[in-house]
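If you want the building blocks of each chain, they are given just below.
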Amino acid sequence: MKKRMPAASDSAIEQKINELLGKMTPEEKAGQLHQTHKSCCSYEDMMAMVRKGRVGSILLWGMPTGRADDERENAVNEIQRIAVEESRLGTPILFGLDVIHGLRTVFPIPLGLAAGWSRDAALATASIAAAETASAGIRWTFTPMVDISRDPRWGRIAESFGEDPYLCSELAFAAVRGYQGEKLGAPDKIAACVKHFAGYGAAVGGRDHTNSNISERALRDIYLPSFRAAVKAGVATVMTAFNDIDGIPCTVSKYLLKDVLREEWGFDGFVVTDFQCIDYLRLQGIAADKAEAAEMAIKSGIDMDMVSGCFNDHLVQLVGKGAVPVEELDRAVRNVLRIKFRVGLFERPYADFNLAGKIILCENHKKVALEAAEKSLVLLRNENHLLPLSPDIKRIAVMGPLSESRSELLGCWNPAGRSEDVITVAEGVKSVVSPGTTVFTGGGGFEDTLLTTSSKADAVILVVGEHPLRSGEGRDITSLTLPAGQEELIRRVHNCGIPVILVVMAGRQLDLSWAAEHIPAIVYAWHPGTMGGQAIANVLFGKVNPSGKTPVTFPRTTGQIPLYYNCKRNIFGNPSNMQNYLEIARQGPLFPFGFGLSYTRFDYSNLSISPDTMTGNSGIVIAADITNAGEADGEEVVQLYVKDCIASVNRPVKELKGFDRVYLRRGETKTVKFKLNEVDLAFTRSDMSWGSEPGEFIIWVGPDSERGLQGSFVLK
Ligand code: NOJ
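Computed from a prediction, not measured in an experiment: that's the story for all the values here. (Residues numbered from 1 in each chain as written. Predicted model: local features only at pLDDT ≥ 70, side-chain atom pairs only at ≥ 80, totals over all residues. Heavy atoms only, no water.)

## Some remarks on the sheet that holds strand E21 (residues 655-664)
Our working rule: Here a strand pair is declared whenever DSSP counts at least two bridges between the two strands. Each helix is a run of DSSP H or I of at least 4 residues and each strand a run of E of at least 2, with the numbering of both proceeding from the N terminus.
Strands sit in the order E18-E26-E25-E20-E21 across an open sheet of five strands; the sheet is mixed. Across the chains shown, the open sheet's two edge strands, defined by having one partner strand only, are strand E18 (613-614) and E21. Pairing analysis gives seven bridges linking strand E25 (residues 695-702) to strand E26 (residues 709-715), with the strands arranged antiparallel. Residue Ile698 lies in a different strand from E26, and its bridge partner there is Ser712.

Here you go:
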């Protein structure tokens, strides 16, 4: 693939870069590649380094940005003033912060966003996160995380878009566009950072920060497409992963950083390591000391050192003694400056607190957060149409450990959200029921009084799940069961004999096998953000028809992991090999990838494939009619899956290749069309070349990965 040439307007930027670079001392160059953090030194020492031009970026965690919209508590402008006015060249600092799912207006965690299967929501939430963050003077965020996550034991699955490369790629593209716009530079946009390059989600045993074993074929077919999508969307920066792949730490993988990212994909932004990664090369047994680690990293294609200090402490000397060519140093500085120029940092280095005060957590942002949360809710079970509840219900109990929680709804990675902004489930319910309804609330305890309360009510909404501290970075678990005591609570409440509506908030898919058999209604809510409680109430009482679909496979038990829908074909599913059928490991998932119910019924009919043969570059169109045959208006996520019947390598049993969200009034029918081209059928062939192979393909158009209308076509 050809390298992307800088666009016309980029040439002015390249000129500015050259001018600035020409004035820099080696120390100032190394400084541009250094990202510091409060764990590195005192604030005074940090400012002294800023003054000397020895800092290119600051990771704001733990710095006073928590109240990003409050001038008195945001240090950004003071630090920036020192950089711009007191350093020799006045090069502004690029502040970076993990605004993973919103700054003050907090959206569902990425896994929840993915459950919404909505490119529009991914774009809209990222745009708002960007606007709030930019107004606070922070022009760089470390998201989207696009690691394919097939293991729910891994805590960081919460930050991912789930297990599927196509869904993840589509959302990655939309998110990057949301943060950055079509072309970086608008005042309300910020630089995104796609991470963790690559294969971090394949951490052995779901244990964070371990290594990954990934074949080159799996890397190319499963783990890299979402990064490719982010680069296509124009992502400004890329973060390397902590892990190694087949022994090569990603931070020094020339294959990933040079061959794939720069040469094949034409990426022209900058590459930052993950936290301390250069120094970690010593722990990984790759470098003997920090100087050697710095030399290896810069030569492998790293541009910015997150926090380890190895670049700042050693690059000048390494260049001086000829161990690192000055061209490598200049290349990295150019890449960093390019993004500083593109994001508009030189024109607008400061926070605009006037603007921040107006836009942060404004009504429009909350509305988008509410809609995103509503879309993210997955109705997993609804026996005898228990839901939606009538707003006129006489007595409803809202209980369970998360029923009145606030900060917990914000999920992991929450740099600036505040608990007082959050609407609890109990508050949401109170806002939607009729004036005559009695709402019993009783907090999270296990006491008999709560059970009594529930036995007095006509129905109980029981809110359980994970505290956010049980998910996210380094928060891995060995069993997917609900936190201690919660299943027993569910059983006890169930024994009261009134209908139980279970709401589960979590950063991962949990083992719900008992509940799925006994509890009539289950809504999976992930960690839904600021407006989560309102969204849940709106769905439970039918103001909104649920439309989320799970972006991960729910296993029946932890021992089934890894369990994902797009597995390879094998003799395991052969009936002659199924004597041991009762063994749970051999059964399918509890809820398959793509699954989610609605209050209405969607019928699929009239599948057509035209033409039924794909030749050369001319694609085919797959169409199906979707009818809302139930009683309520609603949205359906229509999914297209493809199976390559015979190929030179063992290919997945099926792969998602398209999806569309369609709104249908009751009784309405719409035709949904998917275009499929030869390139959509490409994979890494037996000779390691990338392309498709002729032959028969089976397709399904349906509501999830297990059901759908089936057809086939031939690729000539
Ligand atoms: C480490 C995490 O792995 C990464 O995702 C994050 O962006 C950095 N810390 C910075 O906070």
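## Some thoughts on the site of the ligand
Here is the rule we go by: Whether a residue is near a molecule or strand is decided by its heavy atoms; if any one of them lies within 4 Å of it, the residue is near. Polar contacts, as counted here, are pairs of nitrogen or oxygen atoms within 3.5 Å of one another; within protein the pair requires one atom able to donate a hydrogen and one able to accept it, and residues that are adjacent in sequence qualify only if both atoms are side-chain atoms. Surface exposure here means Shrake-Rupley accessible area, sampled with a 1.4 Å probe, where a residue is shielded only by the protein chains that are shown. Note on residue categories: nonpolar means Ala, Val, Leu, Ile, Met, Phe, Trp, Tyr, Cys or Pro, charged means Asp, Glu, Lys or Arg, and polar means any other residue, Gly included.
Taken together, 14 residues form the shell around the ligand, and within it Asp98, Arg156, Lys195, His196 and Asp274 come nearest. The separation between an oxygen atom of the ligand and a polar side-chain atom of Arg156 is 2.5 Å. Coverage of the ligand by the protein amounts to 95% of the 300 Å² it exposes when considered alone. Of the residues contributing to the shell around the ligand, the split by class is eight nonpolar, one polar and five charged.

## Considerations on the sheet that holds strand E9 (residues 270-272)
Rules: To get an axis, a line is fitted to the C-alpha atoms, and for a helix only the part in contact is used. The angle between two axes follows their N-to-C directions and goes from 0 to 180 degrees.
With respect to topology, three strands assemble into an open sheet ordered E5-E6-E9, the strand pairing being parallel. Looking at the sheet topology across the chains shown, the edges are occupied by strand E5 (193-197) and E9. Mean inter-strand twist for the sheet, computed between neighbouring axes without regard to direction, equals 25 degrees. Of the strand pairs in this sheet, E5 and strand E6 (residues 237-240) are connected by three bridges, and their pairing is parallel. For Phe197, the partnering residue across the bridge sits in E6 and is Thr240.

## Let's talk about the pairing of strand E14 (residues 459-465)
Selection rule: For each residue, the accessible area found with a 1.4 Å probe, counting protein chains only, is set against the maximum for its type, and the residue is called buried under 20%, exposed over 50%, and partly exposed in between.
Counting buried positions along E14 gives seven out of seven residues, so the element sits mostly inside the fold. Alternating residues of E14 divide into Ala459, Ile461, Val463 and Gly465 and Val460, Leu462 and Val464, and every residue in both groups is buried. Note: strand E12 (residues 395-399) against E14, four bridges, orientation parallel. Each bridged residue has a counterpart across the sheet, and for Ala397 the counterpart in E14 is Val460. Where E14 meets strand E15 (residues 500-505), six bridges bridge the pair, whose relative direction is parallel. By the bridge assignment for E15, Gly465 is matched with Met505.

## A closer look at the pattern of salt bridges
Inclusion rule: Salt bridges are defined by distance alone: a side-chain nitrogen of Lys or Arg within 4 Å of a carboxyl oxygen of Asp or Glu.
In the structure shown here, the tally under the stated rule is 42 salt bridges. Across the pair Arg81 and Glu78 runs a salt bridge whose closest N-O atoms are separated by 3.2 Å. Of this pair, Arg81 and Glu78 both sit in helix H4 (residues 76-86), separated by three residues, roughly a single helical turn. Note on Glu78: relative accessible area 38%, which makes it partly exposed. Of the charged contacts, one joins Glu328 and Arg331 as a salt bridge, the two residues approaching to 2.3 Å between their closest N and O atoms. A residue pair is termed a helical-turn pair when its members lie 3 or 4 positions apart in one helix, as Glu328 and Arg331 do in helix H14 (residues 326-342) at three residues. Here the salt bridges share partners, and the residues they tie into one network are Arg51, Glu78, Arg81, Glu85 and Glu86.

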